[in-house]
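# Geometric and topological summary
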Amino acid sequence: MKKNTGKKMLKRLLALALVIVFLLGTGVSRVFYLQVVRGEELSQKAESQQLKDTEITAMRGTIYDSEGNVLAQSATVWNIFIDPLAIDIEIDEDDTADEIAAKQAKSEKRRNLIVEKFTELFDYDEKEKAEFIEKTKAENHYTVVEKKVENNIKEQISEFISENSLNCIGMEQTTKRYYPYGSLASSVIGFTGADDQGLSGIESYYDEELTGTNGRVITAKDAVSNDISDDYETSVEATDGNSLMLTINQTIQYYLEKGLRETMEEYQAKGAYGIVMDCNTGAVLGMSSLPDYDCNEPYKLTYSKNIKQIKKIKDEDEKEQAESAAIQNQWRNFTVNDTYVPGSVFKTFIASAALEENVVTPETTYTCTGSIRVDTYKMNCHYHPGHGTQTFAQGLANSCNPFFITVGQKLGVHNYFKYFDAFGFTQITGIDLPGEASPQYYKENQYGIVELSSASFGQTNSLTPIQVCTGLCAIANGGKLVQPYLVSSIVDADGKTVKKTETKVVRQVISSETAEEVREMMKGVVDNGTGKNGYVAGYRVGGKTGTSTKLGESKEGEGDKYIVSFAAIAPSDNPEIAMLIIIDEPNQDLGGGALCAPIAAEVIEEAMNVLGIEPKYDEDEVKSLSSYAPNVVGKSLDDAKTEIDQYGLNCVVIGKGDKVTRQCPTSAGTIPGGGTVYVYTDDTEKKMTKVPDFTGLTVAEAKNLAKTNNLNIQISGNDLTNGSLVASRQSDDKGSSVEQGTVITVTFKSTESVLD
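Reference entry: report on the structure contained in this document. (Residues numbered from 1 in each chain as written. Predicted model: local features only at pLDDT ≥ 70, side-chain atom pairs only at ≥ 80, totals over all residues. Heavy atoms only, no water.)

### Considering the overall build of the protein
When helices and strands are counted, the protein shows 24 helices and 31 strands. Looking at the protein as a whole, 47% of its 756 residues are labelled buried. Sequence-distant contacts, at least 24 apart, represent 71% of the contacts inside the protein between residues at least 6 apart. In the form shown here, the protein has an accessible surface area of approximately 37,300 Å², with 48% of it arising from carbon and sulfur atoms. (Helix = DSSP H or I, 4+ residues; strand = E, 2+ residues; numbered from the N terminus. Buried < 20%, exposed > 50% of the residue type's maximum accessible area, 1.4 Å probe, protein only. Contact = heavy atoms within 4.5 Å. Areas by Shrake-Rupley, 256 points an atom, 1.4 Å probe, with all protein chains shown as cover.)

Right under this line is the structure:
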């Protein structure tokens with residue numbers, strides 16, 4: 001009996017020992033698994049529960065224009081987050097039903113309070129409000145509900161949190177990109193995405209330079225995820241990105257865009273593009289591609305023509321696709337990202353090559369009959385009756401196709417292509433913008449007599465506008481091809497210059513003597529040829545008009561589609577700038593001389609002022625200049641009349657006194673020769689008048705209308721001896737109220753236009 005009992009005890013002890021060994025083995029295995037196999041993973045999880053790691057967003061670098069004006073800048077904003085689990089009051093196991101109901105009611109009241117406040121601050125509609133409510137019920141401790149909130153809203157949220165003792169709402173500092181001038185230079189600057197990364201333009205090309213290094217703040221947390229003592233906080237400061245100084249001049253950019261936009265809208269063109277360059281350095285002073293966009297709202301359509309066309313589309317999918325395409329087109333910088341056939345502007349480069357190779361001189365003559373036979377083809381001049389006998393200089397002024405075809409043939413394929421390559425037309429320029437398009441051109445072995453003849457007046461090959469403008473710089477600066485650029489220097493967060501752009505001369509293309517001859521011929525285009533509207537008093541402007549038919553893009557019954565242009569160099573006797581203006585598919589058959597040259601003239605006038613280039617007036621120009629009005633305030637009426645008469649001006653007296661109390665124009669303003677000074681001799685109220693619409697009037701008609709409305713008129717623009725001039729713009733809007741005697745500047749342009 002005892003023996004059996006001993007055996008039973010032994011078995012039980014053995015079983016117990018086996019169980020203990022098994023349990024110990026399992027425990028050891030579990031410890032090994034947790035500490036060795038998953039040790040690092042679990043350690044990281046523990047740290048994440050015990051530590052709060054907050055990223056401090058670095059400021060993106062600022063973008064400035066050449067004068068230090070801010071074009072793009074980052075500022076502090078806030079991401080707002082909630083802790084959904086902290087909104088509901090915790091229910092304990094021993095809570096009674098009444099206590100649970102009270103806590104649930106209090107939780108719901110808190111949730112409603114938060115929902116209503118956020119709906120008020122962020123103007124939620126019903127759908128957005130419902131989505132926000134769902135976020136407040138999420139099963140987590142962290143949900144971002146609003147991104148990049150301005151400081152004024154953040155302050156209201158902070159006050160709301162404090163007033164209601166809410167620990168379930170938090171804020172994280174981040175940054176937002178601002179563009180103070182909206183659409184100004186948008187095709188150059190570009191914009192950033194939601195994560196502050198550059199998506200186009202300078203923002204994209206220099207993204208690495210502009211992007212800073214984020215910092216971190218690591219803070220210990222207690223069991224319920226609240227921050228504890230600062231003794232447990234570690235921080236790494238953020239390093240802001242580098243800033244960029246652009247070559248873009250705000251004033252030049254403004255007038256370039258103004259002229260392009262007005263013309264694009266008036267003629268409902270597909271687009272309008274322009275480049276202004278410092279011809280001696282390659283610095284881009286102005287660059288625009290319209291339609292453009294507001295950098296602050298890059299996904300919003302801006303061009304009225306496109307908006308109206310899209311609204312007419314009935315199919316929603318088709319409408320969405322059209323809108324998307326139009327928005328992406330706004331982002332494209334045509335001057336760099338696309339190619340076009342330059343048309344007769346290219347004749348300046350043929351002239352350069354031919355003069356350099358001594359194929360012709362400016363005095364070489366040719367008789368144009370209106371067309372020329374090339375192989376089996378008849379190639380026409382834009383002037384079908386023919387220009388008759390003319391010199392080479394006159395041939396450029398008249399933009400005579402047959403003349404340049406014969407010059408191209410004399411030059412020959414090899415020499416033609418040598419200069420085509422030398423001017424940089426076989427490779428990209430290397431400008432610091434993304435997506436520069438490659439030129440589309442015939443290689444030297446692909447030219448026959450027909451291809452050479454067509455290329456000689458600017459057809460056949462497709463180039464980017466930046467290539468053409470860079471080539472013009474070589475003619476302007478004495479024959480040197482320079483690389484274009486937009487960023488003059490890069491500055492770090494401490495204000496130290498880390499990189500400065502130096503002028504890069506690629507090669508000498510033509511001699512300085514040849515360049516000077518071509519510039520003089522281009523001056524003849526403005527003085528006597530197709531580019532008369534490029535005239536600017538006091539400055540010698542060289543120019544060249546151009547037209548190219550967009551083959552393959554015209555629809556039957558709609559006529560041909562054109563792209564027209566005007567190239568300019570100013571001052572032509574000592575050049576500072578080169579410019580290219582392009583209007584894409586205007587709704588009227590008007591050439592670059594009518595549409596593009598007036599834009600160039602206005603930009604040149606403003607650019608010369610910005611660059612400090614003093615005008616040099618000839619005798620005829622001096623006669624039409626304005627002068628400062630004499631100061632007769634405080635003088636007797638008789639003395640005032642005498643002095644005004646001595647200035648060659650007329651006098652109108654307002655009032656019954658014998659002493660001048662005020663005058664218009666004042667002595668601080670200018671008045672044209674033969675103008676009228678209005679003088680007041682008592683406290684009579686200012687005499688006001690409405691500004692009439694001068695648009696489309698001749699010089700004589702405009703002068704008469706100004707006189708009828710008691711206004712002075714200053715004539716600006718084209719050579720006033722030209723009989724085909726009409727008013728194209730005026731300094732004061734029609735219908736605006738101004739004082740009698742005010743000087744209104746009216747700009748005139750030639751109505752003569754050729755599709756050359």
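Having seen the structure, we can now continue with the description.
### Description of the sheet that holds strand 29 (residues 725-730)
Ordered in space as 28-31-29, the 3 strands form an open sheet in which the pairing is mixed. Of all strands in the sheet, those with a lone pairing partner are strand 28 (712-717) and strand 29, marking the two edges. Ignoring which end each strand starts from, the neighbouring axes of this sheet average 40° apart. Bridging between strand 28 and strand 31 (residues 743-750) involves 6 bridges; their strand directions are parallel. Within strand 31, the position partnered with I715 by the bridge is V746. Lying on the sheet, helix 24 (residues 699-708) is in contact with strand 28, strand 29 and strand 31; it crosses strand 28 at an angle near 155°. (Pairing = 2+ DSSP bridges. Axes fitted to C-alpha atoms, helices over the stretch in contact; angles between N-to-C directions.)

### A few points about a nonpolar patch on the surface
On the surface, a nonpolar cluster with roughly 290 Å² of combined accessible area is contributed by L13, L16 and I20. Its location among the elements puts I20 in helix 1 (residues 2-37). What makes I20 partly exposed here is its relative accessible area of 43%. (Patch = residues over 30% accessible without salt bridge, like charges linked within 9 Å, V, L, I, M, F, W, Y side chains within 5 Å. Salt bridge = Lys/Arg side-chain N within 4 Å of Asp/Glu carboxyl O.)

### Here we look at the environment of Y680
Assignment of secondary structure puts Y680 in strand 26 (residues 676-680). Between the C-alpha atoms of Y680 and D658, which are 22 residues apart in sequence, the distance is 9.5 Å. With residues up to four places along the chain from it excluded, the contact list for Y680 reads I654, K659, V660, T661, R662, E685, K686, K687 and E739. A polar side-chain atom of Y680 sits 2.9 Å from the main-chain amide nitrogen of K687. (Polar contact = N/O pair within 3.5 Å; in protein donor to acceptor, adjacent residues only side chain to side chain.)

### A look at unusual backbone geometry
It is generally the case that most residues other than glycine have a negative phi and that most peptide bonds are trans. Cis rather than trans, the peptide bond between A570 and P571 has omega equal to -20°. In this structure, the amide linkage connecting C664 to the following residue, P665, adopts the cis form with an omega of 0°. Within the secondary structure, P665 sits in the loop between strand 24 (662-664) and strand 25 (670-672). A positive phi angle, near 60°, is found at N358, a position not held by glycine. With respect to the helices, strands and loops of the structure, N358 is situated in the loop between helix 14 (347-356) and strand 11 (365-368). Positive phi, close to 55°, is recorded for E585, a residue that is not glycine. Along the chain, E585 falls in the loop between strand 21 (577-584) and helix 20 (592-595). With a relative accessible area of 16%, E585 lands in the buried category.

### Focus: a negative patch on the surface
Together, D315, E316, D317, E318, E320 and E323 line one region of the surface with negative charge. Following the sequence through the fold, E316 ends up in helix 12 (residues 316-331). (Lys, Arg positive; Asp, Glu negative; His and termini not counted. Charge placed at Lys NZ, Arg CZ, Asp CG, Glu CD.)

### Comments concerning the packing of aromatic side chains
Applying the stated rule across the entire model yields 31 aromatic pairs. Ring centres of F349 and F425 lie 5.0 Å apart, and the angle between their planes is 75°; on these two criteria the pair is classed as edge-to-face. Of this pair, F349 sits in helix 14 while F425 sits in the loop between helix 16 (401-422) and helix 17 (449-455), and the two are 76 residues apart along the sequence. There is no split in this pair, since F349 and F425 are both buried. An angle of 65° between the planes, with centres 5.3 Å apart, marks the rings of Y416 and Y447 as edge-to-face. Taken together, the positions of Y416 in helix 16 and Y447 in the loop between helix 16 and helix 17 put the pair 31 residues apart, joining distant regions of the chain. Classification of Y416 as buried rests on a relative accessible area of 3%. Residue Y447 is classed as buried on the basis of its relative accessible area, which comes to 10%. Ring pairs connect the aromatic residues F346, F349, Y416, F417, F420, F423, F425, Y441, Y442 and Y447, which therefore count as one cluster. Residue placement shows K154 over the ring face of W78; its charged tip is 4.4 Å from the ring centre. Directly above the ring of Y680 sits R662, whose terminal nitrogen or CZ lies 4.9 Å from the centroid. (Phe/Tyr/Trp six-rings, centres within 6.5 Å; stacked < 30°, edge-to-face > 60°. Lys NZ or Arg CZ within 6 Å of the ring centre and 35° of its normal.)

### Topic: the environment of K687
Of note, K687 is situated in the loop between strand 26 and strand 27 (688-690). Judged by its relative accessible area of 37%, K687 falls in the partly exposed class. In sequence terms K687 and V738 are 51 residues apart; their C-alpha atoms lie 8.6 Å from each other. If sequence neighbours within four positions are ignored, K687 has contacts with I654, Y680, V738, E739 and Q740.

### As for helix 23 (residues 637-646)
When helix 23 is considered as a whole, its buried residues turn out to be L637, A640, E643 and I644. What you see down the axis of helix 23 is that its buried residues fit within an arc of 125°, all on one side. Exposed positions of helix 23 whose direction lies more than 90 degrees from the buried face are D638, D645 and Q646. Phi turns positive, to about 75°, at G648, one or two residues after helix 23. (Arc of directions from axis to C-beta.)

### Thoughts on the packing of helix 14 against helix 18 (residues 465-476)
At a minimum axis distance of 10 Å, the contact between helix 14 and helix 18 shows a crossing angle of 40°. What the angle tells us is that helix 14 and helix 18 run oblique. Between helix 14 and helix 18 the crossing geometry is left-handed. Here helix 14 contributes T348, F349 and S352 to the contact with helix 18, which in turn contributes V468, G471, L472 and I475. (Parallel < 35°, antiparallel > 145°, perpendicular 65-115°, else oblique. Left-handed = near helix turned anticlockwise from the far one by under 90°.)

### Regarding the nonpolar core
Ranked by internal contacts, the top residues of the largest apolar core, which has 91 residues, are I63, I202, L244, M287, F392, Y416 and F423. The element that contributes the greatest number of residues to this core is helix 16, accounting for 10 residues. Apart from the residues lying within four places of it in its own chain, the contact partners of L244 are T62, I63, Y64, I202, Y206, L210, V487, S489 and I490. In this structure, L260, Y562, I583 and L590 belong to the second largest nonpolar core, which totals 36 residues. (Core = buried A, V, L, I, M, F, W, Y, C linked by side-chain atoms within 4.5 Å.)

### Quick look at the pairing of strand 12 (residues 371-374)
Burial of the side chains of strand 12 is restricted to one face: I372 and V374 are buried, whereas none of S371 and R373 on the reverse face is. Between strand 12 and strand 13 (residues 377-380), which pair antiparallel and follow one another directly, the connecting turn spans 2 residues, one of which, D375, has a positive phi of 55°.

### A word on the packing of helix 10 (residues 250-266) against helix 21 (residues 597-611)
For the pair helix 10 and helix 21, the least separation of the axes is 9 Å and the interaxial angle reads 170°. Relative to helix 21, helix 10 is oriented roughly antiparallel. On the side of helix 10, the interface is formed by T251, I252, Y255, L256, K258, G259, L260 and T263, while helix 21 contributes I599, E602, V603, E606, A607 and V610. When the residues that make up the contact of helix 10 with helix 21 are grouped by side-chain class, the tally is 8 nonpolar, 3 polar and 3 charged. (Nonpolar A, V, L, I, M, F, W, Y, C, P; charged D, E, K, R; others polar.)

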